[in-house]
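Topology and contacts: notes
So you can see what is in the structure, the chains are spelled out below.
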Amino acid sequence: MSPFNLETCARPNILALQPYRCARDDYKDDGKNVLLDANENAYGPSLPADLPTDDFLGLNRYPDPHQEPLKQLLCNLRTTHAHTQKTLTPENLFVGVGSDEAIDALLRCFCIPGKDSILTCPPTYGMYSVSAQVNDVAIVKVPLLPAPDFALDVEAINATLSGPESANIKLAYFCSPGNPTGSLLAKSDIEKVLAHPTWNGVVVVDEAYIDFAPSPNDSLAELVTEYPNLVVMQTLSKAFGMAGIRLGAAFTAAPIARLLNNLKAPYNISSPTSALASTAVGEKGLAVMHANRDLIQAQRDRLIAELPKIEGVGRLRGGKESNFLLFEMLNAQGEPDNTTALAVYGGLAENKGVVVRFRGKEHGCLGCLRITVGTEAEVTRFLESIKSMLATVRAA
């Protein structure tokens, strides 16, 4: 018999790892469910109807390892001169397999396993913690200020970055608009952290949902030309409706971008992904994205208006700057309650075929469900379903 013992052979931090989970782990897509759980764009990809098929030939060759044409299109998109007169160039970019590759690459680039740590601000995106544990990197948590603002607690963050363990905090991950909060972080707050007088670390701003914010100037991507320790991550998975191609980008100062590009796999972006992404951020693709975004924002406004009218729906917690909303579910006593929220979450999926996301265990999100904004038909079905499900749960 082999002497192999997984428990002693594998790294302890991997054995203890709790993987990132989503509602699809519990409720699969059977083609009939309304999926309002993963913040996808229900209106589809930002691709024109006349997409040329010859873009996908040449698959016998390895893809471009540098992706400069795609990077230039992304720079064109995010250079607004709202925050600086400097211009983004491909030297400011790392492109990866979704934002998750950038999250992990930054950890591998800056954090020594078993020694260094990152700072996060819960409630926030779960992959920062998962990637940190995979890399054997500790996590220092400084919660966001209470709802409904969910703003950065700048005083507490900067105090932590001045504390005795600050030398080992190499990265600070901020999500803006936040997930699950939907709140846009203030540029001035982020700049106060960047201006910390002694901390030698990198500020990472995750802008996965930035195209749902009120203004194109809300993105801080071009600000990386002003700060040597700022990284701004974005993705085509949300507003562009391209979740299936897994394309993310990290804007940063050229020296950091070089490090990230040096450590990546040589051909990390496939040729089809590159071609589809280039089309999506080109002129025709942007027109499709803007039209679909307008539809999503209209349905978002509809949910904001209609949900509070339903008995058992509590307050909107967080912001309106994304393609999802965070609402409280109330028990029979009118209090936000996780038991009620879980029952509604499970009942919607199992009895109504509507999948949302339970977020009640996140910091400051007691009794909350996160609801992705879907199509008009999906929102109608959701509103009808949650009204009847809340009535059933609260009467039990």
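Residues numbered from 1 in each chain as written. Predicted model: local features only at pLDDT ≥ 70, side-chain atom pairs only at ≥ 80, totals over all residues. Heavy atoms only, no water.

- The protein chain is annotated in an unreviewed UniProt entry as histidinol-phosphate transaminase from [Torrubiella] hemipterigena.
- Recorded under Pathway (unreviewed entry), the UniProt text for the protein chain is reproduced unchanged: "Amino-acid biosynthesis; L-histidine biosynthesis; L-histidine from 5-phospho-alpha-D-ribose 1-diphosphate: step 7/9."
- Under the UniProt heading Catalytic activity (unreviewed entry), the note attached to the protein chain is "L-histidinol phosphate + 2-oxoglutarate = 3-(imidazol-4-yl)-2-oxopropyl phosphate + L-glutamate". (UniProt positions renumbered as here; feature names shortened; annotations may be inferred.)

Some details on the environment of L35
- Inspection of the secondary structure puts L35 in strand 1 (residues 34–35).
- Between the C-alpha atoms of L35 and R357, which are 322 residues apart in sequence, the distance is 9.7 Å. (Helix = DSSP H or I, 4+ residues; strand = E, 2+ residues; numbered from the N terminus.)

Quick word on the packing of aromatic side chains
- A complete count under the given rule lists four aromatic pairs for this structure.
- The interplanar angle of 90 degrees and the centroid separation of 5.5 Å between the aromatic rings of Y125 and Y128 together place this pair among those described as edge-to-face. This pair shows no difference in class: Y125 is buried, exactly as Y128 is.
- Clustering of aromatic rings is evident, with ring pairs tying together Y125, Y128 and Y173. (Phe/Tyr/Trp six-rings, centres within 6.5 Å; stacked < 30°, edge-to-face > 60°. Buried < 20%, exposed > 50% of the residue type's maximum accessible area, 1.4 Å probe, protein only.)

Section: the packing of helix 4 (residues 98–110) against helix 8 (residues 254–263)
- Look at helix 4 against helix 8: their axes get within 10 Å of each other, and the N-to-C directions meet at 100 degrees. Classified by the interaxial angle, the pair formed by helix 4 and helix 8 is roughly perpendicular. The residues of helix 8 that touch helix 4, namely those facing A105, L106, R108, C109 and F110, are I256, L259, L260 and L263.
- Across the contact of helix 4 with helix 8, the residue classes tally to eight nonpolar, no polar and one charged. (Axes fitted to C-alpha atoms, helices over the stretch in contact; angles between N-to-C directions. Parallel < 35°, antiparallel > 145°, perpendicular 65-115°, else oblique. Contact = heavy atoms within 4.5 Å. Nonpolar A, V, L, I, M, F, W, Y, C, P; charged D, E, K, R; others polar.)

Concerning the sheet that holds strand 4 (residues 138–141)
- Ordered by their spatial adjacency, seven strands build an open sheet running 2-8-7-6-5-3-4, and the pairing between neighbours is mixed. In this open sheet, the two strands that pair with only one neighbour each are strand 2 (93–96) and strand 4. Neighbour-to-neighbour, the strand axes of this sheet turn through a mean angle of 25 degrees, independent of strand direction.
- The sheet contacts of helix 3 (residues 68–78) involve strand 2, strand 7 (230–235) and strand 8 (248–252), and relative to strand 2 the element is tilted by about 115 degrees.
- Sheet strands in contact with helix 5 (residues 127–134) are strand 3 (117–120), strand 4, strand 5 (169–175), strand 6 (202–206) and strand 7, and its direction is about 170 degrees off that of strand 3. (Pairing = 2+ DSSP bridges.)

Details of empty space enclosed by the protein
- With the rule as written, the count across this model stands at three cavities of 30 Å³ or more.
- In this structure, the largest cavity is lined by L74, L77, R78, Q234, T235, L236, F240, L247, A249 and F251.
- If you list the elements that add at least two residues to the lining of the largest cavity, you get helix 3, strand 7 and strand 8.
- Top contributing element to the lining of the largest cavity by residue count: helix 3, with three residues.
- Looking at the lining of the largest cavity, its residues break down into seven nonpolar, two polar and one charged.
- Each pocket or cavity is described by its volume, and for the second largest cavity that value is around 40 Å³.
- As for the second largest cavity, its lining consists of C121, P123, T124, L144, L152, C175, G178, N179 and L185. (1 Å grid on protein atoms, 1.4 Å probe; cavity = no way out; pocket = protein on both sides within 12 Å on 5 of 7 lines; lining within 4 Å. Points joined across faces, edges and corners; volume = space filled by probe spheres on them.)

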